[in-house]
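Residue-level listing of the chains:
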Amino acid sequence: MNHNGLPERICCIGAGYVGGPTMAVIARKCPEIRVTVVDVDQDRVAAWNSERLPVYERGLDELVRETRGKNLFFSADVDAAIRQAQLIFICVNTPTKNYGQGQGKAADLVYVERCARRIAEQAERGTIVVEKSTVPVRTAEMIQTIMEQEDRDVQVLSNPEFMAEGTAIEDLNVPDRVLIGSADTPAGRAAAETLAGIYRTWVDPERIILTGIWSSELSKLSANAFLAQKISSINALSALCEATQADVTEVANAVGCDERIGPRFLRASVGFGGSCFKKDLLNLVYLCEHYGLSEVAAYWQSVLQLNEYQKTRFANQLVRSLFNTVTEKKIAIFGFAFKQGTNDVRESPAITVCRQLLTDRAWLGVYDPAVPEASVRQELSDVTGSAGGRLEVFSDPYDACDGSHALVILTEWNSFRDLDFRRIFASMHKPAVLFDGRNLLDIEEMRRLGFQVRGVGKV
Ligand code: NAD
Ligand code: UGA
């Protein structure tokens, strides 16, 4: 530890969407700490060491440029980084298990366990191990047991990450809270203090919450479940709005004015996406079932069911508006990322909608300002075949629309608002259908231009 009581060297296992940005912020805020981010994926490490980072986030390039090679390092030598670190973050993926017991629901902890075993083999005594990955409650117990088997005197902490993609750097710079869970022992509390010391370098101390370890693990799953539930609630109401001629934006505004409810996360949409909401809800459902709480499990499961319903409902409405067939029709897709500000396509609602349209033999012209063509093709390869089939990916939004029967907005990129829709309308077949899955555009203005427009939860 240095004279401020901070570790001199820390290491993060997992150079992904969380590990990279989180460690870049720590390196920037704590220049006296040497931060090494390691990964088994050598290509990813190489990308972090290149001019083209593997993660697209506003402000990240500058941050990495300032710190890389000074006190921020990306490496594939996992063991060396573990041996040298006094504090180690585990920040690997925890996807939904796609095999065996718990398939389709439980979190796959194989990567976390692998890290724990590696740490148990390599770490010095007294190392602090921090669970940053989102994990089921009581995962820290598994990590602790592995350490004890190797006779390692290691403290395990839970420090879940709450940043959202697209705003990761802002969220990390000014987090709503930093949560640190520890064992209720002198050594556990001391380890929590060391970690809190790092965050206190830039985070308001009142926003640093110290809790028990199981509460910390469960709070992360609960926070994501609440956020997803809010979106599913407004999306459920969007269907009722359409049936009753109410306007979902007006309803959301009225409801959100109540301070007890709050205005955020009430934007009706084609459905939520992203790598975490679905997997964390499934994980929560699995946990509830494991503890025999079937009613609780069913409650959270319904949040997911509603999201699936919303995505399919949207695609079905589109087909209906094109005289019940999209076969051989060209449809322009604006947005493939799961939200604006990121190149991440994991669980993007665009995948479900595009799959359904391709299965119905439409031609798709996809445009997204941040997502590379390879990611779009990879996600849709099972319905397009290896030759790419009826899918084209454009770097120019106007080319994507040329000769299309419909334009569908699936990501809330603000830049879409600035496009010349008069030009787009002129280049499309008539009637030109515009389906806005994010209620991004001014419906009245688009109608004036001649589009047949449909939003979500709108008349
Ligand atoms: P990711 O898939 O982008 O990155 C994980 C990385 O870990 C990969 O590069 C993988 O190669 C590496 N890895 C796996 N096993 C390894 C091992 N044994 N040794 C070294 N490297 C290994 O995942 P992510 O999006 O960064 O998410 C990481 C965790 O953070 C997940 O648990 C997720 O739920 C949670 N989380 C994610 C977000 C988000 O916005 N993506 C936000 C909050 C929390
Ligand atoms: C979410 C949480 O917001 C983070 O706090 C959490 O750390 C993270 O999951 C995680 O654990 O991975 P993220 O998935 O990156 O972050 O992005 P969100 O802003 O939550 O958006 C998720 C999805 O919901 C997106 O598809 C977005 O377009 C959609 N959304 C969001 C809506 O449809 N309506 C809204 O009102 C808000």
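Criteria and thresholds
- Residues numbered from 1 in each chain as written.
- Chains lettered and ligands numbered in written order.
- Predicted model: local features only at pLDDT ≥ 70, side-chain atom pairs only at ≥ 80, totals over all residues.
- Heavy atoms only, no water.
- Pairing = 2+ DSSP bridges.
- Helix = DSSP H or I, 4+ residues; strand = E, 2+ residues; numbered from the N terminus.
- Axes fitted to C-alpha atoms, helices over the stretch in contact; angles between N-to-C directions.
- Near = heavy atom within 4 Å.
- Polar contact = N/O pair within 3.5 Å; in protein donor to acceptor, adjacent residues only side chain to side chain.
- Areas by Shrake-Rupley, 256 points an atom, 1.4 Å probe, with all protein chains shown as cover.
- Nonpolar A, V, L, I, M, F, W, Y, C, P; charged D, E, K, R; others polar.
- Domains from an automatic or database assignment.
- Buried < 20%, exposed > 50% of the residue type's maximum accessible area, 1.4 Å probe, protein only.
- Arc of directions from axis to C-beta.
- Patch = residues over 30% accessible without salt bridge, like charges linked within 9 Å, V, L, I, M, F, W, Y side chains within 5 Å.
- Salt bridge = Lys/Arg side-chain N within 4 Å of Asp/Glu carboxyl O.
- Phe/Tyr/Trp six-rings, centres within 6.5 Å; stacked < 30°, edge-to-face > 60°.
- Lys, Arg positive; Asp, Glu negative; His and termini not counted.
- Charge placed at Lys NZ, Arg CZ, Asp CG, Glu CD.
- Contact = heavy atoms within 4.5 Å.
- Parallel < 35°, antiparallel > 145°, perpendicular 65-115°, else oblique.
- Left-handed = near helix turned anticlockwise from the far one by under 90°.

Taken together, the six strands give an open sheet; going across it, the order is 11-10-9-12-13-14, and neighbouring strands pair in parallel fashion. Lying at the two open borders of the sheet, with one neighbouring strand each, are strand 11 (391-394) and strand 14 (452-454). With strand direction ignored, the average angle separating the axes of adjacent strands in the sheet is 20°. With four bridges connecting them, strand 9 (residues 330-334) and strand 12 (residues 406-409) associate as parallel partners.

On to the site of ligand 1, then. Taken together, 26 residues form the shell around ligand 1, and within it Asp 39, Arg 44, Thr 94, Glu 165 and Lys 279 come nearest. Taking Thr 94, its side chain carries an N or O atom lying 2.6 Å from an oxygen atom of ligand 1. Contact between ligand 1 and Arg 346: an oxygen atom at 3.0 Å from a side-chain N or O atom of the residue. Burial of ligand 1 by the protein amounts to 92% of the accessible area it has alone, namely 840 Å². For the shell around ligand 1, the element with the highest residue contribution is helix 5 (residues 110-122), accounting for three residues. Among the residues forming the shell around ligand 1, the class breakdown is ten nonpolar, seven polar and nine charged. Counting contributing residues per domain, the shell around ligand 1 is built from domain 1 (9-203) and domain 2 (244-459), each supplying no fewer than three.

What follows covers helix 10 (residues 248-256). Restricting attention to buried positions, one finds in helix 10 the residues Val 248, Ala 252 and Gly 256. One side of helix 10 carries all its buried residues, which in axial view fall inside an arc of 60°. In helix 10, the exposed positions angled more than 90 degrees off the buried face are occupied by Glu 250, Asn 253 and Ala 254. Put simply, Asp 247 is the residue that caps the front of helix 10, since its side-chain oxygen is 2.8 Å from the backbone nitrogen of Thr 249.

Time to look at a nonpolar patch on the surface. On the surface, Tyr 291, Leu 293 and Val 296 cluster together into a nonpolar patch covering about 280 Å² of accessible area. Relative accessible area serves as the criterion here: at 52%, Tyr 291 is assigned to the exposed category.

Near ligand 2, the surroundings consist of 21 residues, among which Met 163, Ser 269, Cys 276, Phe 338 and Arg 438 are the closest. One of the backbone N or O atoms of Met 163 is found 2.7 Å from an oxygen atom in ligand 2. Interatomic distance of 2.7 Å between a side-chain N/O atom of Arg 438 and an oxygen atom of ligand 2. Contact with the protein chains hides 93% of the accessible area of ligand 2, taken as 700 Å² for the molecule alone. With four residues, helix 9 (residues 213-244) is the single largest residue contributor to the shell around ligand 2. The class makeup of the residues in the shell around ligand 2 is eleven nonpolar, three polar and seven charged. In this structure, the shell around ligand 2 is formed jointly by two domains, domain 1 (9-203) and domain 2 (244-459), each of which donates at least three residues.

Let's shift gears to the packing of aromatic side chains. Evaluation of the coordinates by the stated rule reveals eleven aromatic pairs. Ring centres of Phe 226 and Trp 300 lie 6.2 Å apart, and the angle between their planes is 50°; this geometry places the pair in the tilted category. Residue Phe 226 is found in helix 9, and its partner Trp 300 is found in helix 12 (residues 294-321); the two are separated by 74 residues along the sequence. A relative accessible area of 53% places Phe 226 in the exposed class. On the accessibility criterion, Trp 300 (12% relative accessible area) is buried. Between the aromatic rings of Tyr 299 and Trp 300, the centroid separation amounts to 4.8 Å while the plane-to-plane angle is 75°, which identifies the pairing as edge-to-face. Among the residues examined, Tyr 299 registers a relative accessible area of 44% and is labelled partly exposed.

What follows concerns a negative patch on the surface. Taken together, Glu 121, Glu 150, Asp 151 and Asp 153 make up a surface patch of like negative charges. Relative to the helices and strands, Asp 153 is located in the loop between helix 6 (139-149) and strand 6 (155-158). Relative accessible area serves as the criterion here: at 42%, Asp 153 is assigned to the partly exposed category.

What follows deals with the side chain of Ser 275. Within the secondary structure, Ser 275 sits in the loop between helix 10 and helix 11 (277-290). The exposure class of Ser 275 is buried, given its relative accessible area of 17%. Other than its neighbours up to four places away in sequence, Ser 275 contacts Glu 165 and Arg 346.

This brings us to the packing of helix 13 (residues 349-359) against helix 14 (residues 373-384). Helix packing for two helices is described by the angle between their axes and how far apart those axes are. Viewed as axis vectors pointing N to C, helix 13 and helix 14 meet at an angle of 25°, and their least axial separation amounts to 10 Å. If you check the angle between helix 13 and helix 14, you find them roughly parallel. Between helix 13 and helix 14 lies a crossing of right-handed hand. On helix 14, the residues touching Ile 351, Cys 354, Arg 355, Leu 358 and Thr 359 of helix 13 are Glu 379, Leu 380, Asp 382, Val 383 and Thr 384. The residue inventory of the contact of helix 13 with helix 14, partitioned by class, reads five nonpolar, two polar and three charged.

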